[in-house]
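Here's the letter readout for the chains.
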Amino acid sequence: MAMVTKATPSQKIFDVCNYVFLSLLVLMTLYPCIYVLAASLSDPNEVMKAGGFMLWPKGFQLDTYKLVFKNRMILVGYKNTIFYVVVGTSINLILTIFGAYALSRNDVPGKNAIMMIIIFTMFFRGGMIPEFLINKSLGIYDNRLAVILPYAISVYNLIIMRTFFQNIPVSLEESAKIDGANDFTILFKIMIPLAIPSIAVVGLYYGVEHWNSYMRSLIYLRNRELFPLQIILREILLQNQNEALQSATDTTFAYAENLKYATIVVATVPILCVYPFLQKFFVKGVMIGAVKG
Amino acid sequence: MSSLKNDSAVLAGKQRTDSKHQRLWLKIVQRRYIYLMLLPVLLYFLVFHYFPMIGILIAFKDYSVKYTFWENIFHTPWVGFKHFISFFESFYFQRVFWNTVIINLYGLLFTFPAPILLALLLNEVKNMRFKKTVQSITYMPHFISMVVIAGLVIDFTSSTGVINTILNLFGVEKIQFLIEPEWFRTVYIISAIWQEIGWGSIIYLAALAGIDAELYEAAVIDGAGRWKQMTSVTIPCITPTIIILLILKIGQMMNVGVEKILLLYRPTTYETADVISSYVYRRGMIEMQYSFSTAVGLFNSIINFTLLVSANQFSKKFSETSLW
């Protein structure tokens, strides 16, 4: 916080400009969200006429949402995405907690070497094609595991968790050891209960990543029954765009055009629902990562 | 006599190392559960990170789908730098290389400083509620999926979209932003700023919050106004943070987010939009030229790694801030 000296006229002008600029930024961030929501609830013909400018629904209707929930592929995608988020995040958390806890202990011979091996993968990777070929040779191509296992640990999240475990006083661990507890007992009985807030942060990170990911599914999944929501969304949003421009006058097609707004809403609402939590915890995560990253 | 002495000295030394080994072994046994926890973790990094690094070897071979992956690695003949040479000699090399460089330079010039600017502006806001609101709202786009972002970009830049509507008000003719190649980079950079400006500012705001208030007091006593406080206290204090993030950014220089490019580019914009990673995707995943595309990918990784190391060295030398 800058100290206030005297408010000279030029400083007043700066303050006004600053508030105006920041308000504009907020407006520009919010507008796409408002527009998409309004358009999804409007009569498709009104949306056509609006020229991309809409702040509230015109010709309110819910038919597009009915269309969304009647679309089998959207439902399949939704179901698959939930599966990937739940199973994927669970695997992420188990492995990340194990790795982070083990690497946060002081007297573990070889710890630093292992840490180096892990951190090196942040800066150098095999690349898209070798990774693809390995996963194919492991037999997980076109399999649900292909979008879960290769992404089981994020080094960044591991570092966040590890920093948290490092900050837990050693005395807690030592007194448990005197009582004869082994490292597994210590982890599950003492460390994990203490680490719930940071597990929540990391879990949310992983969950959002699974929810939003599409590249991995694009590379590894061929069977449409395995597609997550993002791939279906991509088909709806991107692949019809040229046809959409051509037959913009057709009313049935107009509904199909409107479908994309409703699909965006349906696919993004869950993220926005957890957003208040994300915001609270994530900022903390960035800070921890920043200290050690 | 003297040899006997030596022998006993050697023996004593051996015992010392023995007990050292024993102590180490004891420590490992005591910590056996820790190693048990590390086992799946190490297995993960071995299989999904280090195996692909071995897989890079196919860049120097002719990958054949007739053989398994490991047969390709160990039993097929070497072809040397054939794939690299054919990449360097191809028409695409110049195009994808320079497109990658240019889009990243733009990123460094515009996307990178934007959050710093936002943090500095937020730092001048005295109304805490206003500040918090701006923060909460501008962080949000970071969590929206790239597919949705691309969908929004396509919709907003379309001929009936809001941007063309606004331009029309000022008498500008309709622009086909995603069809005309000269607009691609602008669209790419502006949407990136839109998505990441808020989120990127968090780390700088944290650095700003950590500045000792006494520094400002001292500056005020010296008669510094707000502008002077910013240039002589605020900015020097967040410079280490900026440098670290800059090094990281430079280390990622040649990694353009392939997701976004694949979602937004189309054959009419390849001229400016096709970058190394999207080229690797097309040649590797669609045309299945595994060895060639691995070679292109390796070329990219090597540049990246070199940039990261040199940026780090450079910074170590001139600013005492570095990653390692």
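Since we're looking at a predicted model, the values are computed, not measured. (Residues numbered from 1 in each chain as written. Chains lettered and ligands numbered in written order. Predicted model: local features only at pLDDT ≥ 70, side-chain atom pairs only at ≥ 80, totals over all residues. Heavy atoms only, no water.)

Attention now moves to the overall build of chain A. Summing up its helical and strand segments, chain A has 13 helices and 0 strands in all. From first element to last, N terminus to C terminus, chain A shows the α and β order α-α-α-α-α-α-α-α-α-α-α-α-α. Here chain A holds 293 residues, and 52% of them are scored as buried. Expressed as a percentage of contacts within chain A between residues at least 6 apart in sequence, the contacts between residues at least 24 apart total 73%. (Helix = DSSP H or I, 4+ residues; strand = E, 2+ residues; numbered from the N terminus. Buried < 20%, exposed > 50% of the residue type's maximum accessible area, 1.4 Å probe, protein only. Contact = heavy atoms within 4.5 Å.)

On the surface, V16(A), V20(A), L24(A) and L27(A) cluster together into a nonpolar patch covering about 380 Å² of accessible area. Inspection of the secondary structure puts V16(A) in helix 1 (residues 9–40). (Patch = residues over 30% accessible without salt bridge, like charges linked within 9 Å, V, L, I, M, F, W, Y side chains within 5 Å. Areas by Shrake-Rupley, 256 points an atom, 1.4 Å probe, with all protein chains shown as cover. Salt bridge = Lys/Arg side-chain N within 4 Å of Asp/Glu carboxyl O.)

Next up on the list: the domain arrangement of chain B. What the domain assignment reports for chain B is domain 1 (1–30), domain 2 (34–80) and domain 3 (82–319). A straight line from the C-alpha centre of domain 1 of chain B to that of domain 3 of chain B covers 58 Å. (Domains from an automatic or database assignment.)

What follows concerns helix 6 (residues 113–123) of chain B. The buried fraction of helix 6 of chain B amounts to 9 of the 11 residues, a majority that puts the element mostly inside the structure. For helix 6 of chain B, the complete set of buried residues consists of A114(B), P115(B), I116(B), L118(B), A119(B), L120(B), L121(B), L122(B) and N123(B). Of the surrounding elements, those touching the buried residues of helix 6 of chain B are helix 1 of chain A together with helix 5 (91–111), helix 7 (128–139), helix 10 (184–209), helix 11 (213–221) and helix 12 (226–251) of chain B.

With 100 residues of chain A at the contact, the number on the chain B side is 95 residues. Roughly 8900 Å² of surface becomes buried between chain A and chain B when both sides are summed, with 76% attributable to carbon and sulfur atoms. If you look at where chain A meets chain B, you find 5 salt bridges. Taken together, chain A and chain B are joined by 16 residue pairs in polar contact (both at pLDDT 80 or more). Broken down by element, the residue count for the side of chain A that touches chain B peaks at 18 residues, all from helix 1 of chain A. Considered class by class, the residues forming the side of chain A that touches chain B number 69 nonpolar, 20 polar and 11 charged. (Buried area = accessible area lost by both parts, 1.4 Å probe. Polar contact = N/O pair within 3.5 Å; in protein donor to acceptor, adjacent residues only side chain to side chain. Nonpolar A, V, L, I, M, F, W, Y, C, P; charged D, E, K, R; others polar.)

Before going further, it helps to examine unusual backbone geometry. In this structure, D142(A) takes a positive phi of about 55° despite not being glycine. Structurally, D142(A) can be placed in the loop between helix 6 (128–137) and helix 7 (155–166). One non-glycine residue, M288(B), adopts positive backbone phi at about 55°. By relative accessible area, M288(B) is classed as exposed at 52%.

It is worth spelling out the packing of aromatic side chains at this point. By the definition in use, this model includes 49 aromatic pairs over all chains. Seen from their ring centres, Y44(B) and F45(B) are 5.0 Å apart, and the 75° between their planes marks the pair as edge-to-face. Residue classification places F45(B) among the buried positions, given a relative accessible area of 1%. Here F88(B) and F93(B) contribute two aromatic rings whose centre-to-centre distance is 5.0 Å and whose plane-to-plane angle is 75°, an arrangement assigned as edge-to-face. The exposure class assigned to F88(B) is partly exposed, which follows from its relative accessible area of 37%. Overall, the relative accessible area of 15% leaves F93(B) in the buried class. Three or more aromatic residues link up through ring pairs in this structure, and these residues are F87(B), F88(B), F91(B), Y92(B), F93(B), F97(B), W98(B), Y279(B), F292(B) and F299(B). We note K136(A) situated over the ring of Y141(A); from NZ or CZ to the ring centre the distance is 5.0 Å. (Phe/Tyr/Trp six-rings, centres within 6.5 Å; stacked < 30°, edge-to-face > 60°. Lys NZ or Arg CZ within 6 Å of the ring centre and 35° of its normal.)

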